[in-house]
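Notes for the structure review
Listed here are the chains, written in short residue letters.
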There are 2 protein chains.
Amino acid sequence: MGEMAADPGPPAPVLTQRQEARRRRILHAGAQLAGRGGFEAVQMREVADAAGVALGTLYRYFPSKVHLLVALMEDQLQRLHAALRRRPPSAGCADRRVAETLMRAFRALQREPHLADAMVRALTFADRGVSPEVDAVSRLTTAIILDAMRLEEPTRDQLAVVRVIEHTWLSALITWLSGRESIAQVRRDIETVCRLIDLPEADRDGPGP
Amino acid sequence: MGEMAADPGPPAPVLTQRQEARRRRILHAGAQLAGRGGFEAVQMREVADAAGVALGTLYRYFPSKVHLLVALMEDQLQRLHAALRRRPPSAGCADRRVAETLMRAFRALQREPHLADAMVRALTFADRGVSPEVDAVSRLTTAIILDAMRLEEPTRDQLAVVRVIEHTWLSALITWLSGRESIAQVRRDIETVCRLIDLPEADRDGPGP
DNA sequence: CGCTAATCTAGAACAAGTTTCAGACCCGTT
DNA sequence: AACGGGTCTGAAACTTGTTCTAGATTAGCG
């Protein structure tokens, strides 16, 4: 019963210059449109138009709207990850550093709430066909959190905590985006879940699986 | 910066017998279809057909597919809530009771994974237009968890913990449904987040809002 | 019973994601 | 430079959620 790591599959089929440029143009157009109206404003015909590419080509690069938006999220997360390496969180204990990191990410999303809407909705709406891509995003998020905790070799238990933090992070975002939770509450949720970090190992008596 | 409780709005405009029956037929048809193919298999024309109702009527009762599926989830949760009142979780400490409760709900969902898929995807995909309905589901979930904790008058802090548990619950479901997390991992996540219950109040030094 | 407003039905129409196809284009090979 | 396979384009077609319309039914009321 292992980790179900996603098979990386065909290892990125090597794009020519022009193809790489096309891919970037598409992502850029997607971000542009998402930046206004959010998920619904990203219309495939308009993306293709704005990117100067035929509809069929768009679908060759991103097999669905959700794929496109998830790729966009991956892009943003990579940027964030890089920024965090440059200026890592400074707090003294791990839980504060993680909370600080997530709040930094949250503030970044607040700057473009529509874009956040598009990316997060795509991420949670994705079905099994997008699993590899969603998994890449998840691994990136995990990496960011583990960085903040300054952990190289997490234990099983620490990984479970990280997963729970990730769950909270994502779901709190959804709740915020749909207007059912305030910014302050999101902050509170993040701080609350971060209490799980460096908590004494709870002994459990349940029998193994 | 309060709770943002959703205005209940027009308090359920009183349906005639036949209308109530229609509503149930629609929900039943929706559940039926969702039970096979999940979210995508719930096609509005087919729902209308199976419920013996015109498409326009379906849309009068449920203004969108997401509304319909969220209503379904509310329905199921009410059933679960009732069942839990009949046979409440028995464990000695609050965190075990909550974990037991959520695992019970999880097992119920496992029995009809496609239905679960449809309901959960709808719930997280819902936009602001569905907020009141999603909020009803959220309140129900909160009530179920508070029941398991046997709390009548939760403190602010306890409410934050409950929110985090809810976040974890929902997001773990998503991850399971998309095949990226195993049943065992979901169980582990639930047990992990439940450790937050009856944790000594962490002192925090951040200034108020 | 007969009236009136609201509701329901059947079906067309519209919108946006996705698929398909014929032909033009680009790239590495000979 | 000509060739051949994969890639791109433009446009139409298809699918499914959603909206609209005209006429039939129903519910409540005098």
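To keep things clear, this report deals only with the structure shown in the data block.

Conventions used here
Residues numbered from 1 in each chain as written. Chains lettered and ligands numbered in written order. Predicted model: local features only at pLDDT ≥ 70, side-chain atom pairs only at ≥ 80, totals over all residues. Heavy atoms only, no water. Helix = DSSP H or I, 4+ residues; strand = E, 2+ residues; numbered from the N terminus. Contact = heavy atoms within 4.5 Å. Areas by Shrake-Rupley, 256 points an atom, 1.4 Å probe, with all protein chains shown as cover. Least-squares fit on C-alpha atoms with pLDDT ≥ 70 in both. Near = heavy atom within 4 Å. Polar contact = N/O pair within 3.5 Å; in protein donor to acceptor, adjacent residues only side chain to side chain. Nonpolar A, V, L, I, M, F, W, Y, C, P; charged D, E, K, R; others polar. Salt bridge = Lys/Arg side-chain N within 4 Å of Asp/Glu carboxyl O. Buried < 20%, exposed > 50% of the residue type's maximum accessible area, 1.4 Å probe, protein only. Expected span 1.5 Å × (residues − 1). Phe/Tyr/Trp six-rings, centres within 6.5 Å; stacked < 30°, edge-to-face > 60°. Lys NZ or Arg CZ within 6 Å of the ring centre and 35° of its normal.

1. A few points about the overall build of chain A
From N to C terminus, chain A includes nine helices and zero strands. Long-range pairs, those at least 24 residues apart, make up 70% of the contacts in chain A with a sequence separation of at least 6. Approximately 10,700 Å² of chain A is accessible, and the part contributed by carbon and sulfur atoms is 53%.

2. Things to note about the relation of the copies chain A and chain B
Placing chain A over chain B gives an RMSD of 0.0 Å and needs a rotation angle of 180 degrees, together with 0.0 Å of translation along the axis. Here the symmetry operator amounts to a two-fold rotation axis. When each C-alpha of chain A is compared by its distance to the rotation axis, Thr 168 of chain A comes out closest, at 2.7 Å. A high fraction, 100%, of the interface residues of chain A reappear at the interface in chain B, so the copies pair face to face through one surface.

3. Observations concerning the protein's contact with DNA strand D
Residues in contact with DNA strand D amount to 18 residues; listed here are only the nearest, Arg 22, Thr 57 and Arg 60 of chain A together with Arg 18 and Arg 45 of chain B. The share of sugar and phosphate among atoms of DNA strand D within 4 Å of the protein is 60%. Here Ala 54 of chain A contributes a backbone N or O atom positioned 3.0 Å from a phosphate oxygen of DNA strand D. Within the contact set of DNA strand D, a phosphate oxygen lies 2.9 Å away from a side-chain nitrogen or oxygen of Tyr 61 of chain A. Among the secondary structure elements, those contributing two or more residues to the surface near DNA strand D are helix H1 (17-35) and helix H3 (55-61) of chain A together with helix H2 (44-51) and helix H3 (55-61) of chain B. Here the surface near DNA strand D is built from residues that sort into seven nonpolar, five polar and six charged.

4. Details of the pattern of salt bridges
For the coordinates displayed, the defined rule picks out 25 salt bridges over all chains. Across the pair Arg 139 of chain A and Asp 135 of chain A runs a salt bridge, and its minimum N-O distance is 2.7 Å. Within this pair, Arg 139 of chain A and its partner Asp 135 of chain A are both found in helix H7 (residues 131-149), separated by four residues, close to a single helical turn. Owing to a relative accessible area of 11%, Asp 135 of chain A belongs among the buried residues under this scheme. Close ionic contact of Arg 195 of chain B with Asp 157 of chain A constitutes a salt bridge, the shortest N to O distance being 2.9 Å. Here Arg 195 of chain B, found in the segment after helix H9 (183-194), pairs with Asp 157 of chain A, found in helix H8 (residues 156-177), and the two come from separate chains. Of the two residues examined, Arg 195 of chain B and Asp 157 of chain A, each falls in the buried class. Residues joined in a network through salt bridges with shared partners are Arg 24, Asp 75 and Arg 79 of chain A.

5. Details of helix H1 (residues 17-35) of chain B
Helical geometry: 3.6 residues make up each α-helical turn, so side chains three or four residues apart lie on a common side. Residues and elements named next belong to chain B. The terminal C-alpha atoms of H1 lie 27 Å apart, and with 19 residues this matches the ideal 27 Å at 1.5 Å per residue to within 8%. Three or more residues of H1 are buried, namely Ile 26, Leu 27, Ala 29, Gly 30, Ala 31, Leu 33 and Ala 34. For H1, the secondary structure elements touched by its buried residues are H2, H3, helix H4 (65-86) and helix H6 (113-125).

6. A closer look at the side chain of Arg 121 of chain A
Along the chain, Arg 121 of chain A falls in helix H6 (residues 113-125). When sequence neighbours within four positions are dropped, the list of residues in contact with Arg 121 of chain A reads Phe 39, Glu 40 and Ala 116 of chain A together with Thr 124, Phe 125, Ala 126 and Asp 127 of chain B.

7. Regarding unusual backbone geometry
Leave glycine aside and you will find that most residues have negative phi; peptide bonds, for their part, are mostly trans. Residue and element names in this part refer to chain A. With a phi close to 55 degrees, Arg 150 is a non-glycine residue in the positive phi region. Along the chain, the position of Arg 150 falls in the loop between H7 and H8. Owing to a relative accessible area of 53%, Arg 150 belongs among the exposed residues under this scheme.

8. A look at the interface of chain A and chain B
If you look at the interface, chain A gives 46 residues, while chain B gives 46 residues. The interface formed by chain A and chain B contains 10 salt bridges. Scanning the region where chain A abuts chain B turns up 19 residue pairs in polar contact (both at pLDDT 80 or more). Listing elements by their share of the side of chain A that touches chain B, those giving two or more residues are H6, H7, H8 and helix H9 (183-194) of chain A. For the side of chain A that touches chain B, the element with the highest residue contribution is H8 of chain A, accounting for 14 residues. Of the residues contributing to the side of chain A that touches chain B, the split by class is 16 nonpolar, 11 polar and 19 charged.

9. Describing the packing of aromatic side chains
Evaluated as defined, the whole model comprises five aromatic pairs over all chains. Plain terms: the ring middles of Phe 125 of chain A and Phe 125 of chain B are 4.2 Å apart, the flat faces sit at 25 degrees to each other, and that makes the pair stacked. Highlighted residues: Phe 125 of chain A in helix H6 and Phe 125 of chain B in helix H6, drawn from two different chains. Since its relative accessible area comes to 14%, Phe 125 of chain B is described here as buried. Measuring from ring centre to ring centre gives 5.0 Å for Phe 106 of chain B and Trp 176 of chain B, while their planes differ by 85 degrees; the resulting arrangement is edge-to-face. With Phe 106 of chain B in helix H5 (residues 94-111) and Trp 176 of chain B in helix H8 (residues 156-177), this pair connects stretches of sequence that are 70 residues apart. Note on Phe 106 of chain B: relative accessible area 0%, which makes it buried. Through a chain of ring-to-ring contacts, three or more aromatic side chains come together here, namely Phe 39 and Phe 125 of chain A together with Phe 39 and Phe 125 of chain B. Lying across the ring of Phe 39 of chain B, Lys 65 of chain B places its NZ or CZ 4.2 Å from the centre. Here the guanidinium or amino end of Arg 121 of chain B rests over the ring plane of Phe 125 of chain A, the centre of that ring lying 4.8 Å away.

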